[in-house]
Every structure is written in structure tokens, then in C-alpha cells.
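# Observations on the model geometry
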Amino acid sequence: VFVVTGGFGGLSVELVKYLLDNKCKIIVIGRREIGQCGKTQTLAKNIRTDYGDKFLSYHSVASLNNANIENSVCSGLRYLEENSIDGIFHLAGCYLKKTIPSMTGEDWSQCFDAKYEGSLALGRYLQQAWPNAMLVNFSSINSYFGAPDLSGYSTANALQNQLSDYFNNAENKSDNGGGAIRTF
């Protein structure tokens, strides 16, 4: 069982199909309510038709905090009739096209919430609840080179890269009282 964050946006549709083709069960966590987005509703319906009802569990959350992650994973495992997860693929992010001078505090928060804060919450959750699971963070080349109109996106990805290093550091694993997750 794998958790995929970011709903059915960007790369997640192809990743979910790949995992399902390889007999994995999936818990998808997104921000959109499944009934309020035609695309999400259609994709979930098609996946359930193609792979069976007990292979996909979709959960809508306002943010990736510990309580929302815990509730989504536990509810998803019950629905899928499984007992544990093998890892999380963190694809959530905010692709906001704005230059640094035009960025507001709200814009920065929006960019950091999904990518950086989400990675931090997911890593801490795995350390405590599933210490042998892996966390795969999906970053961007923009984290290294940046782009004039993607300042928030680039910075959030660079911070996410630093979190991967943080969680892979053995000292941080024991300081937080958690287990040894692997991040990529």
C-alpha cells in the first residue's frame, strides 16, 4: 500500500496507474473534494472500474498536518482492508508563476505549505507511525537553478530537498524519537 499526495494533479495520475498495474493498493490524499471536481471524480471512477473497488481510497484534506495524514491513512487502510503502508510519494506542490517582487506573504505561504510543510509533516508522521516506510519527495530542477517567475515554487522545492537530507541524517532520527525512514 502506498500513499500518494497531490490528488490527481500533475504526475500523480501516471504514478497511481503504474502502482496499480504493479498490484499495489493506493491511498490518494488531495485538497479537492472528490464530488466537487469532475476530473477527480471521473479518474477515481475509471480507476475503480479498471482495477476494482478495493484498490483506491481517496481522501480530501485542507492541509497535510499530522492529524489529517493519520486520519487519511487509517481510514484508507480500513477501506482497502490492509494493515500497513510501504511508503508515501509526496507530489503535492504549488506552481505559482510570480516574480519575487510580486510575491505576497500569502503567496509564499501557499507555495511552502504543500511542498515544504507537507514534506515535514509526512516525514515526522512516518518516523512515528511507519518507521520502515519510505518517503519519496518529488522535487524540481528549479530547486537548483530557479526561474525568474517561479520564485516560490523554486524555493519550496529547494527546502524540500534539504528536508530529505534532514530525514536521512541518523542523528535526526533518534532526536525525534522516531524510526529510520528512507527519503529520496
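Anyway, here's the lowdown on the structure attached to this text. Within any chain, residue numbers begin from 1 and follow the written order of that chain's sequence. Under the rules for a predicted model, residues below a pLDDT of 70 receive no local features and side-chain atom pairs below 80 are neither given nor counted, while totals for whole chains, interfaces and linings still include all residues. Water and hydrogen atoms play no part in the side-chain values, which are based on all heavy atoms of the structure.

## Comments concerning the packing of aromatic side chains
Each pair of aromatic rings is reported with the distance of its centres and the angle of its planes. Under the convention used in this document: Pairing of aromatic rings covers Phe, Tyr and Trp, the last through its six-membered ring, and needs centres within 6.5 Å; plane angles under 30 degrees mean stacked, over 60 mean edge-to-face, and all others mean tilted. The helix count covers DSSP runs of H or I at least four residues long, the strand count covers runs of E at least two residues long, and both are numbered beginning at the N terminus. Partly exposed residues are those whose accessible area sits between 20% and 50% of the maximum for their type, while under 20% is buried and over 50% is exposed, using a 1.4 Å probe and protein chains only. We call a charge positioned above a ring when the Lys NZ or Arg CZ atom is no farther than 6 Å from the ring centre and deviates by at most 35 degrees from the ring normal.
Evaluation of the coordinates by the stated rule reveals five aromatic pairs. Ring geometry for Phe89 versus Phe138: centroids 6.4 Å apart, planes at 55 degrees, classification tilted. Residue Phe89 is located in strand β4 (residues 87–90), and its partner Phe138 is located in the loop between β5 (134–137) and α5 (142–145); the two are separated by 49 residues in the primary sequence. Pairing Tyr166 with Phe167 gives two aromatic rings, centres 5.1 Å apart and planes at 75 degrees, and the pair type is edge-to-face. Using a relative accessible area of 25% as the deciding quantity, one classes Tyr166 as partly exposed. Every member of this aromatic cluster is reached through a ring pair, and the members are Phe2, Phe89 and Phe138. Over the ring of Phe55 we find Lys25; its NZ or CZ atom is 5.7 Å from the centre of that ring. A cation sits over an aromatic face here: Lys54 above Tyr79, 4.3 Å from the ring centre.

## Some points on the packing of helix α1 (residues 12–21) against helix α2 (residues 38–51)
Rule in force here: Note on method: axes are straight lines fitted to C-alpha atoms, helices fitted across the in-contact stretch only, with angles between N-to-C directions ranging 0 to 180 degrees. Every angle not falling under 35 degrees, over 145, or within 65 to 115 is termed oblique; those three ranges are roughly parallel, roughly antiparallel and roughly perpendicular. Crossing handedness follows the turn of the near helix against the far one: under a right angle anticlockwise gives a left-handed crossing, and clockwise gives a right-handed one. The criterion used for residue contact is that any of the two residues' heavy atoms lie within 4.5 Å. Each residue gets one label: Ala, Val, Leu, Ile, Met, Phe, Trp, Tyr, Cys and Pro are nonpolar, Asp, Glu, Lys and Arg are charged, and the others, such as Gly, are polar.
Look at α1 against α2: their axes get within 12 Å of each other, and the N-to-C directions meet at 15 degrees. Taken together, the axes of α1 and α2 lie roughly parallel to each other. The crossing of α1 and α2 is right-handed. In this structure, α1 contributes Val13, Val16, Lys17, Leu20 and Asp21 to the contact, and α2 contributes Leu43, Ile47 and Tyr51. Split by residue class, the contact of α1 with α2 holds six nonpolar, no polar and two charged.

## Here we look at the layout of surface pockets
As a reminder of what qualifies: Both cavities and pockets are sets of points on a 1 Å grid over the protein atoms alone; in a cavity a 1.4 Å probe fits but cannot get out, in a pocket the set is open with protein on both sides within 12 Å along at least five of seven lines, and lining residues sit with an atom within 4 Å of a point. Grid points are joined across faces, edges and corners, and a volume is the space filled by probe spheres set on the points.
Roughly 710 Å³ of volume is contained in the largest pocket. Lining the largest pocket are 30 residues, with Gly6, Gly9, Leu91, Ala92 and Gly93 positioned closest to its centre. Sorting elements by how many residues they give to the lining of the largest pocket places helix α4 (residues 105–129) first, with four residues. Of the residues that constitute the lining of the largest pocket, the class distribution is 13 nonpolar, 13 polar and four charged.

None of this, on its own, says anything about what the molecule does.
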